[in-house]
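Structural characterization, general
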Amino acid sequence: MLLKILSELNGTSGAEKEIRQALAAELEPCVHSLSTDKIGNLIVQKNPPLSAPKVMIAAHMDEVALMITAITADGFLKFQPVGGIDPRILVSKPLKINALTGVIGAKAIHLQKPKEREQALTIEQLYIDIGAKSKEEAEKHVKIGDYAYFFTEMEKLGQGYLKGKAFDDRVGCAILAQLLKRDYALNLIGAFTVQEEVGLRGATVAAYHVQPDFAIVLEGTVSAQMMEVEEGEWVTEPGKGPALSMLDNSTLYQPQLLRQVIDLAEKMGIPYQLRRGHSGGNDAGRIHLSREGIPTIALSVPCRYIHSTASVLAEKDIEHTLNLVDGILKAIPHEFSFR
């Protein structure tokens, strides 16, 4: 299963090489061309230039991770997050740094003063323990600037769910790869972008270079459907279909495009939901502003516990997202218009 392969590989912002190589190997037999631009985006051309509309589908390859920023005299590693990570989830989590295993440590609770116990630990109070006894010993295996990754095996969870790391946005990459294996009467470009988690940087370059007539962003998005969260704050719900973004911190999506997607989903009998939160953003934030402006929509697979060691999603949401995008591509330009 391609999603399992992608989920278990490591590739944070600026270090997406493993993901790019896996996707290129998967797609090379069934596309017309693959290229890597100067920032690291993998650009896949499905059809040679046609008079038909040029459609770009984007999914980002990078995941959140940690970067080693210092090594203490005792051989512990200090770090900073790459992308948005809540420090409260980090204590005692195992990590991979190169070929090493490490564990995130902190001052033991029985050594903390009463006031310290009332406050969440900050990044500055955490460190990675690799079993080194000194700075010199640690430096034999780890360099400042190395990345540390969560490692989680992707596996089935309960009835119809998957558990794994980096579903944001390896699930989008997996869906895009499946679409690129199909044939459409379009000039179809797949953009597997880099550095989304640190500022939507790869998408900025890809959109400027490709200059599509229309863009679709595939993403793994937050779901707050869990205990002690009121239903009105759920944002998205796993199992209810792809989430259509209306508004987020980087994009105000065009209502006429959303209406067409909704009408098509209802016609095809595909479940969908509207993403109810407005925080965060995705590659659409840079794509829709490129050059003269690009009509852009975002379809997301809901994921619980996003940006953590393990996320949870519903398998059928992957299928429904794939089918809805497939329907959109087949409906261009006769039943679906972005002009």
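Look up: the structure comes first, before these words.
Residues numbered from 1 in each chain as written. Predicted model: local features only at pLDDT ≥ 70, side-chain atom pairs only at ≥ 80, totals over all residues. Heavy atoms only, no water.

Applying the stated rule across the entire model yields 4 aromatic pairs. Measuring from ring centre to ring centre gives 5.6 Å for F214 and F336, while their planes differ by 45 degrees; the resulting arrangement is tilted. Here F214 is found in strand β13 (residues 214–223), whereas its partner F336 is found in the segment after α9 (315–331), with 122 residues between them in sequence. Comparing F214 with F336 shows no difference in burial state: the two are buried. A centroid spacing of 5.0 Å and a plane angle of 0 degrees characterise the contact between F214 and F338, whose relative ring orientation is stacked. Placement of the pair is F214 in strand β13 and F338 in the segment after α9, with a sequence separation of 124 residues. The ring centre of F151 lies 5.5 Å from the NZ or CZ of K96, which sits over that ring. R291 extends its terminal NZ or CZ atom over the ring of Y208, reaching a point 3.7 Å from the ring centre. (Phe/Tyr/Trp six-rings, centres within 6.5 Å; stacked < 30°, edge-to-face > 60°. Helix = DSSP H or I, 4+ residues; strand = E, 2+ residues; numbered from the N terminus. Buried < 20%, exposed > 50% of the residue type's maximum accessible area, 1.4 Å probe, protein only. Lys NZ or Arg CZ within 6 Å of the ring centre and 35° of its normal.)

This brings us to the pairing of strand β5 (residues 77–82). Two elements, strand β4 (residues 65–71) and β5, share 6 bridges in a ladder whose sense is antiparallel. For A65, the partnering residue across the bridge sits in β5 and is V82. (Pairing = 2+ DSSP bridges.)

So, on to helix α5 (residues 167–180). With 14 residues, α5 should reach 20 Å at 1.5 Å per residue; the first-to-last C-alpha distance of 19 Å fits that figure. Along α5, 13 of the 14 residues are buried, which leaves the element largely enclosed by surrounding structure. (Expected span 1.5 Å × (residues − 1).)

A separate point is the side chain of N187. In this structure, N187 sits in strand β12 (residues 187–193). A residue is classified by how much of its surface remains accessible, and N187, at 4% relative accessible area, is buried. Not counting the four nearest positions on each side in its chain, N187 is found in contact with Q45, N47, P48, P49, L50, A52, P53, K54 and V55. (Contact = heavy atoms within 4.5 Å.)

All chains considered together, the criterion is met by 0 disulfides. No disulfide involves C173; its nearest neighbouring cysteine sulfur is the one of C303, lying 12 Å away. (Disulfide = S-S within 2.5 Å.)

Moving on to a nonpolar patch on the surface. On the surface, M246, L247, L252 and L274 cluster together into a nonpolar patch covering about 350 Å² of accessible area. Secondary-structure assignment places L247 in the loop between β14 (243–245) and α7 (255–268). On the basis of relative accessibility, which here comes to 42%, the residue L247 falls in the partly exposed class. (Patch = residues over 30% accessible without salt bridge, like charges linked within 9 Å, V, L, I, M, F, W, Y side chains within 5 Å. Areas by Shrake-Rupley, 256 points an atom, 1.4 Å probe, with all protein chains shown as cover. Salt bridge = Lys/Arg side-chain N within 4 Å of Asp/Glu carboxyl O.)

The next point concerns the packing of helix α2 (residues 17–27) against α5. The contact between α2 and α5 brings their axes to 10 Å, and the two run at 20 degrees. If you check the angle between α2 and α5, you find them roughly parallel. In this structure, α2 crosses over α5, and the sense of that crossing is right-handed. Across the interface between the two elements, I19, L23 and L27 from α2 touch R170, C173, A177 and L180 from α5. Per-class residue counts for the contact of α2 with α5 are 6 nonpolar, no polar and 1 charged. (Axes fitted to C-alpha atoms, helices over the stretch in contact; angles between N-to-C directions. Parallel < 35°, antiparallel > 145°, perpendicular 65-115°, else oblique. Left-handed = near helix turned anticlockwise from the far one by under 90°. Nonpolar A, V, L, I, M, F, W, Y, C, P; charged D, E, K, R; others polar.)

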